[in-house]
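Below, each chain spelled out in residue letters.
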Amino acid sequence: MWRLSRALGVHAARTSKLSAPWCRPAAFMSTLLIDQPQYAWLKELGLREENEGVYNGSWGGRGEIPAPKRGEIVRQIGDALREKIGILGSLVSLEMGKILVEGVGEVQEYVDICDYAVGLSRMIGGPILPSERPGHALIEQWNPVGLVGIITAFNFPVAVYGWNSAVAMICGNVCLWKGAPTTSLISVAVTKIIAKVLEDNKLPGAICSLTCGGADIGTAMAKDERVNLLSFTGSTQVGKQVALMVQERFGRSLLELGGNNAIIAFEDADLSLVVQSALFAAVGTAGQRCTTARRLFLHESIHDEVVNRLKKAYAQIRVGNPWDSNVLYGPLHTKQAVSMFLGAVEEAKKEGGTVVYGGKVMDRPGNYVEPTIVTGLAHDASIVHTETFAPILYVFKFKNEEEVFAWNNEVKQGLSSSIFTKDLGRIFHWLGPKGSDCGIVNVNIPTSGAEIGGAFGGEKHTGGGRESGSDAWKQYMRRSTCTINYSKDLPLAQGIKFQ
């Protein structure tokens, strides 16, 4: 069995591959976080100095478990996560870098989707349809697809797996999870919790298996015909490669890819709501959400006032250690992200933009950058149409509804969008066929912060996949149309006589 040993290393948000224990000097061993008193809680998650990067328990099992019974297992998983929500949230913050309240909130999202899936387990199914033939019944039967591969990204290392696995499980599937290489300890800890619940119920923990690794593992999952559905969350560039590999074998894929999300504020908007929403959507998680607001369109009559208010709000953002409860803004995830941030700022300047706030790396330890506001760019500037996973907000003036709705839709991605207005006619235009072309279309709330009850996903280069609520469960099942003849005759459809 392939294994990847991971160790809790010196740096707060990093894990390191280590050599065999007998090769390590004692001085190095003492620097492991898990050996330090302030990190003793890591052991409560079942983590050790070295952690197997795959599920390594009992494999096998056969037989059918009714959907409501599957729902009961998922309910217990939710309860087990709820019991450890504080320390799991701390680990998310430690390894990913988001502030603690967001780390805990992310685990809460998994708990919430478990609760949702329990109810769903008694509701999934197809309709009984009227048959045109006497003595016949026409029904839809939904069955599990089989094995669901789940590849998740670093920015939501718990919640996205929860969206997929909880719903996939009540649908009757088994799961194989590959988390991001930079958040592998979270993957290990969550898998241990799930495996214990399964095994306590006399079920193999391998129902929800884990494999840690990089692109080679993802490629193997995409190409393997035994993976009946592959759910991939990540960049559009990699998502396109995944889609092609899965399609080549006529497999199924569920893609949650990039977003270049816009907030539009009209002249009648509540400016306090606009500023609060733009601040959260652009700066929350240090700009590393797929639903982060990257474009802000302001009616020309309110542009200057909103920009000035935003600058004052940005100046009050509390930056620091993500574990500090007073902090609202933490570091970027990697050094590479910092480089991408700096490159985007320089490109924005070259294309005619003016940095009115931020734009620099902060002079402090870690991957901290200043949340940034850029004005003066053309709406169709190359950098504006490029998703940069960093806290950069491009601000524009617009004159009318037709113009700005077109600008919202002109980017290749179609994930999230929002307008701020009190005009009911404009609201319903925005929601209709000539409005936003995104999968998430909001009014008077930010682009980020979706609830689990609705289907989450986007259009165009965002991939078209849907996860979480509504009828997203259908992606994890296969549909059969079934005709049952309970008569003694054989009438054919469309009245055809074949005698």
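Looking at an unreviewed UniProt entry, one finds the chain named aldehyde dehydrogenase (NAD(+)) and attributed to Prolemur simus. Under the UniProt heading Subunit (unreviewed entry), the entry covering the chain gives this text: "Homotetramer." Note on the chain: under the UniProt heading Sequence similarities (unreviewed entry), the record states "Belongs to the aldehyde dehydrogenase family."

**Let's talk about the overall build of the chain**
What the chain contains, in helices and strands, is 13 helices and 21 strands. The C-alpha radius of gyration of the chain comes to 25 Å, within 12% of the 23 Å expected for a compact globule of 499 residues. Dimensions of the chain, computed from the C-alpha atoms along their principal axes, are close to 80 × 70 × 40 Å. Of the contacts formed within the chain by residues at least 6 apart in sequence, a portion of 73% connects residues at least 24 apart. Taking the average location of the 50 positive side-chain charges in the chain and that of its 49 negative ones, the two points are 5 Å from each other.

**Some details on the UniProt feature "domain: Aldehyde dehydrogenase" (unreviewed entry) in the chain**
If you check UniProt for "domain: Aldehyde dehydrogenase" (unreviewed entry), the listed places come out as residues 64-480 in our numbering. The span residues 64-480 carries 38% helix and 20% strand; its end-to-end C-alpha distance comes to 19 Å.

**Here's the deal with the environment of Glu 459**
The topology assignment puts Glu 459 in strand S19 (residues 459-460). Glu 459 gets classed as partly exposed once you look at its relative accessible area, which sits at 32%.

**Focus on the packing of aromatic side chains**
All chains considered together, the criterion is met by 13 aromatic pairs. Between the aromatic rings of Tyr 39 and Trp 323, the centroid separation amounts to 5.7 Å while the plane-to-plane angle is 50°, which identifies the pairing as tilted. Here Tyr 39 is found in the loop between helix H1 (26-29) and helix H2 (67-83), whereas its partner Trp 323 is found in the loop between helix H10 (303-315) and helix H11 (335-350), with 284 residues between them in sequence. We classify Trp 323 as partly exposed; its relative accessible area is 27%. Between the aromatic rings of Phe 297 and Trp 407, the centroid separation amounts to 5.9 Å while the plane-to-plane angle is 45°, which identifies the pairing as tilted. One end of the pair, Phe 297, is in strand S11 (residues 293-299); the other, Trp 407, is in helix H12 (residues 401-409), and 110 residues separate them in sequence. Linked through ring pairs, Phe 266, Phe 398, Phe 405 and Trp 430 together constitute an aromatic cluster. The ring of Phe 156 carries Lys 98 above its face, with NZ or CZ at 3.7 Å from the centroid. When the ring centre of Tyr 368 is taken as reference, the NZ or CZ atom of Arg 364 above it lies at 4.8 Å.

**Quick look at empty space enclosed by the protein**
Applying the stated criterion to the full structure yields 1 cavity of 30 Å³ or more. What lines the largest cavity is simply Gly 97, Lys 98, Ile 99, Glu 102, Val 283, Gly 284, Thr 285, Ala 286, Leu 328, Tyr 329 and Gly 330. Its residues assigned to classes, the lining of the largest cavity comprises 5 nonpolar, 4 polar and 2 charged.

**Side note on the pairing of strand S9 (residues 252-256)**
In this sheet, S9 lies alongside strand S8 (residues 229-233) in parallel orientation, the contact comprising 5 bridges. Bridged to Phe 232 within S9 is Leu 255. In this fold, S8 hands off to helix H8 (residues 236-248), which returns the chain to S9; that crossover is right-handed.

**Overview of the packing of helix H9 (residues 271-283) against H10**
Their axes nearest at 10 Å, the elements H9 and H10 cross at an angle of 50°. Classified by the interaxial angle, the pair formed by H9 and H10 is oblique. As for the relative orientation of H9 and H10, their crossing is right-handed in sense. Between H9 and H10, the contacting residues are Leu 271, Ser 272, Val 274, Val 275, Ala 278, Leu 279, Ala 282 and Val 283 on the first element and Glu 305, Val 306, Arg 309, Leu 310, Ala 313 and Tyr 314 on the second. Tallied by class, the residues present in the contact of H9 with H10 amount to 11 nonpolar, 1 polar and 2 charged.

Conventions and cut-offs
Residues numbered from 1 in each chain as written. Predicted model: local features only at pLDDT ≥ 70, side-chain atom pairs only at ≥ 80, totals over all residues. Heavy atoms only, no water. UniProt positions renumbered as here; feature names shortened; annotations may be inferred. Helix = DSSP H or I, 4+ residues; strand = E, 2+ residues; numbered from the N terminus. Rg over C-alpha atoms; globule rule 2.2 N^0.38 Å. Contact = heavy atoms within 4.5 Å. Lys, Arg positive; Asp, Glu negative; His and termini not counted. Charge placed at Lys NZ, Arg CZ, Asp CG, Glu CD. Buried < 20%, exposed > 50% of the residue type's maximum accessible area, 1.4 Å probe, protein only. Phe/Tyr/Trp six-rings, centres within 6.5 Å; stacked < 30°, edge-to-face > 60°. Lys NZ or Arg CZ within 6 Å of the ring centre and 35° of its normal. 1 Å grid on protein atoms, 1.4 Å probe; cavity = no way out; pocket = protein on both sides within 12 Å on 5 of 7 lines; lining within 4 Å. Points joined across faces, edges and corners; volume = space filled by probe spheres on them. Nonpolar A, V, L, I, M, F, W, Y, C, P; charged D, E, K, R; others polar. Pairing = 2+ DSSP bridges. Right-handed = clockwise from strand over helix to strand, strands pointing away. Axes fitted to C-alpha atoms, helices over the stretch in contact; angles between N-to-C directions. Parallel < 35°, antiparallel > 145°, perpendicular 65-115°, else oblique. Left-handed = near helix turned anticlockwise from the far one by under 90°.

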